[in-house]
Amino acid sequence: MIRLERVGKTFPGREGGVEALREVSLRVAPGEFVAIVGASGCGKSTLLRLVAGLVPPSAGRVLLDSVPVEGPRAETAMVFQAPTLLPWADVLRNVTFPLRLMKRAGPATEDRARGLLATAGLSGFEHRLPRELSGGMQQRVAICRALLQEPRVLLMDEPFGALDALTREEMSLELLRIWQGRQMAVLFVTHSIPEAVLLADRVVVMSPRPGRVADIIEVGLPRPRGFEQEGSDTFQHCARRIRALIYGDRLSRAA
C-alpha cells in the first residue's frame, strides 16, 4: 500500500545543505502497524512528511497504492507530538474541523465525531475547550480528529512524547484498541523501544543521519497485546536487537 523506493531527502542550506535521508526503501501493507525508531536527527519525522506529501523527495519515489505521492491526500491523516488543537474551538468543533475545511462534512459528521469521542472515553467533554483538558485528553482529541477522516493511512510522529509515563502507557493501549477495530496502515515514529515493540508488527531501525534503513525487526508477539508481554523472551529479544542496532558497541563499553 505504501512504498518508498530508494528515497532521499536533502534540505537546502549552506555548504551543500543537510542530507536527512538516503536510499530509503520500505513497503507497508494495508492494515499493518509499523514503528520507526532511531537516534535523534536520523530523518524519522522527515520520512513521515514525505509519505504525507508535505515535502517532496529529493531522490526516489513515494507511492500510495502505486500512485506517486505529490501532495497531501484525503486517505492519509497525521497526528503530531503536540495536539495542535484550535484553542478557541470546543472539542467537537476541533474534531470536525478538517472535514469542514475540506468541505467533506455531511449531516452525519457530528454523530460520527461523538461516536469516536465516546470510544476514546471523552463523552461529556464535547463542548469543553482544549485548555480544560489534560494532555492525554487533548491527544485523544487529536487522534479522533485524524480518525474522523476515515484514513487508510495514519501517520503518527511521536504522538505520546510529551505525556507523562502513566498517560503514555494508557494511550498506547488505547491506540492499539482503536487500530484493531479499523485496521488502517499505521506508521508510528517513537524514541521508545519498548513502545515500538509493544505496538508494531515490524520495527524499522534507522541509521544516524543521513537516515537509512539499518534493519527491520519482525515482532512475533501475539495480539491482542498488553504490558504483561514485556517480560516475555520474544519481547526482550526484539528490544535487545533494536538497542544493539541503535547503540552498537556503546552498550558494551557502558557495561
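Everything quoted here is computed from the prediction, not taken from an experiment.

Engineer: Lay out the packing of aromatic side chains with the relevant residues and their values.
Structural biologist: Summed over the entire model, instances satisfying the criterion amount to three aromatic pairs. Between Phe33 and Trp179, the aromatic rings sit 5.5 Å apart at their centres with planes inclined by 85°, giving edge-to-face as the arrangement. Placement of the pair is Phe33 in strand S3 (residues 33-37) and Trp179 in helix H5 (residues 165-182), with a sequence separation of 146 residues. What links up through ring pairs into an aromatic cluster is the set Phe33, Phe160, Trp179 and Phe188.

Engineer: Give me the lowdown on the pairing of strand S1 (residues 2-11), citing residues and values where you can.
Structural biologist: Of the pairings in the sheet, the one linking S1 to strand S2 (residues 18-28) comprises seven bridges and is antiparallel in character. Of the residues in S2, the one forming a bridge with Arg3 is Arg27.

Engineer: Help me get a handle on the nonpolar core, residues and values and all.
Structural biologist: Ranked by internal contacts, the top residues of the largest apolar core, which has 51 residues, are Leu154, Val203 and Ile242. The greatest single-element share of this core, amounting to seven residues, is contributed by helix H4 (residues 135-148). If we ignore the near neighbours within four places in the chain, the residues touching Val203 are Ala35, Val37, Ala196, Val197, Asp215, Ile216, Ile217, Val219 and Ile242. Leu26, Leu47, Leu50 and Val189 belong to the second-largest nonpolar core, a separate cluster that totals 27 residues.

Engineer: How would you sum up the sheet that holds strand S9 (residues 202-206)? Please name residues and give values.
Structural biologist: Pairing between the strands of a sheet is mediated by backbone hydrogen bonds and can be parallel or antiparallel. On the basis of which strands lie adjacent, the open sheet formed by six strands has the order S6-S7-S8-S3-S9-S10 and mixed pairing. Only two strands of the sheet have a single neighbouring strand rather than two, namely strand S6 (76-79) and strand S10 (213-218). Between one strand axis and the next, the sheet turns by 15° as a mean value, whatever way the strands run. Bridge count for S6 against strand S7 (residues 153-157) is four bridges, and the pairing is parallel. Counted as the bridge partner of Val79 is Met156 from S7. Against the sheet, helix H7 (residues 233-247) contacts S3, S9 and S10, and its axis sits at roughly 175° relative to S10.

Engineer: Give me the lowdown on the pattern of salt bridges, citing residues and values where you can.
Structural biologist: Tallied over the full model, the rule gives 15 salt bridges. A salt bridge links Glu110 to Arg114; the shortest N-O distance between them is 3.9 Å. Note that Glu110 and Arg114 are positioned in helix H3 (residues 109-119) at a spacing of four residues, about one turn of the helix. Two residues, Glu195 and Arg168, come together in a salt bridge whose shortest N-O distance is 2.9 Å. With Glu195 in helix H6 (residues 193-199) and Arg168 in helix H5, this pair connects stretches of sequence that are 27 residues apart.

Engineer: So, the environment of Gly161: which residues are in play, and what are the values?
Structural biologist: Note that Gly161 resides in the loop between S7 and H5. The exposure class assigned to Gly161 is partly exposed, which follows from its relative accessible area of 30%. Sequence separation between Gly161 and Arg14 is 147 residues, and the spatial gap between their C-alpha atoms is 31 Å. Sequence-distant contacts of Gly161, that is, excluding residues within four places in its chain, are made with Gln81 and Arg168.

Engineer: Please provide a residue-by-residue account of the side chain of Thr96, values included.
Structural biologist: Relative to the assigned elements, Thr96 resides in helix H2 (residues 91-101). Those residues in contact with Thr96 that sit more than four places away from it in its chain are Thr109, Ala113 and Leu148.

Engineer: I'd like a rundown of the pairing of strand S8 (residues 185-189), residues and numbers included.
Structural biologist: With five of five residues buried, S8 is to be regarded as a mostly interior element. Burial along S8 is two-sided: the residues Ala185, Leu187 and Val189 and Val186 and Phe188 are all buried. Sheet topology places S3 next to S8; four bridges connect them, and they run parallel. Pairing of Ala35 across the sheet is with Phe188, part of S8. In this sheet, S8 lies alongside S7 in parallel orientation, the contact comprising five bridges. Bridge pairing in S8 links Val153 to Ala185. Each parallel crossover has a hand, and for S7 linked through H5 to S8 it is right-handed.

Definitions and limits used
Residues numbered from 1 in each chain as written. Predicted model: local features only at pLDDT ≥ 70, side-chain atom pairs only at ≥ 80, totals over all residues. Heavy atoms only, no water. Phe/Tyr/Trp six-rings, centres within 6.5 Å; stacked < 30°, edge-to-face > 60°. Helix = DSSP H or I, 4+ residues; strand = E, 2+ residues; numbered from the N terminus. Pairing = 2+ DSSP bridges. Core = buried A, V, L, I, M, F, W, Y, C linked by side-chain atoms within 4.5 Å. Buried < 20%, exposed > 50% of the residue type's maximum accessible area, 1.4 Å probe, protein only. Contact = heavy atoms within 4.5 Å. Axes fitted to C-alpha atoms, helices over the stretch in contact; angles between N-to-C directions. Salt bridge = Lys/Arg side-chain N within 4 Å of Asp/Glu carboxyl O. Right-handed = clockwise from strand over helix to strand, strands pointing away.

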